[in-house]
Amino acid sequence: INGKIDGNNISFDVPVDMGQMKFTVKYKGVLSGDELALTMEMDMGEGGPPGGGMGGPGGGEAPPMAFTAKSVMAAE
């Protein structure tokens, strides 16, 4: 895992090995209060699925996805 924190900015890469299919999931985000807003991109590289799968023929990048994680305290 490759990662960096710069103030409220965070980024990290997660390599994924699924046998013959290897790719990297790249995350970038900003921490603001109790929320972490992240974007995720998958770099399918040369090992991506053939045909019209994510990343297109033989690899490439899938469209980025965005999501937000929020800390929630349970009521006692």
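Residues numbered from 1 in each chain as written. Predicted model: local features only at pLDDT ≥ 70, side-chain atom pairs only at ≥ 80, totals over all residues. Heavy atoms only, no water.

(A) Representation of the environment of Phe67 in the model. Mapped onto the elements of the fold, Phe67 is located in strand β6 (residues 65–70). Here the alpha-carbon distance between Phe67 and Ala37, two residues 30 residues apart in the chain, equals 6.0 Å. With residues up to four places along the chain from it excluded, the contact list for Phe67 reads Tyr27, Leu36, Ala37, Leu38 and Met40. (Helix = DSSP H or I, 4+ residues; strand = E, 2+ residues; numbered from the N terminus. Contact = heavy atoms within 4.5 Å.)

(B) Looking closely at the packing of aromatic side chains. Evaluated as defined, the whole model comprises two aromatic pairs. Aromatic side chains Phe12 and Tyr27 sit 4.7 Å apart centroid to centroid with 20° between the ring planes, which places their arrangement in the stacked category. Highlighted residues: Phe12 in strand β2 (residues 9–18) and Tyr27 in strand β3 (residues 21–32), separated in sequence by 15 residues. In this structure Phe12 comes out as partly exposed when scored by relative accessible area, which is 23%. When the centroid spacing of 6.5 Å and the interplanar angle of 85° are considered together, the rings of Tyr27 and Phe67 count as edge-to-face. (Phe/Tyr/Trp six-rings, centres within 6.5 Å; stacked < 30°, edge-to-face > 60°. Buried < 20%, exposed > 50% of the residue type's maximum accessible area, 1.4 Å probe, protein only.)

(C) Fine view of the pattern of salt bridges. For the coordinates displayed, the defined rule picks out one salt bridge. Between Asp17 and Lys22 there is a salt bridge, with its nearest N and O atoms 4.0 Å apart. (Salt bridge = Lys/Arg side-chain N within 4 Å of Asp/Glu carboxyl O.)

(D) Seen up close, the pairing of β2. Pairing of strand β1 (residues 2–6) with β2 involves five bridges; the strand directions are antiparallel. Counted as the bridge partner of Ile5 is Ile10 from β2. The hairpin turn running from β1 into β2, its antiparallel successor, is two residues long, and Gly7 in that turn takes a positive phi close to 65°. In this sheet, β3 lies alongside β2 in antiparallel orientation, the contact comprising ten bridges. When the sheet's bridge partners are listed, Val16 is paired in β3 with Phe23. Between β2 and the antiparallel strand that follows it, β3, lie two residues; Gly19 among them carries a positive phi value of about 75°. (Pairing = 2+ DSSP bridges.)

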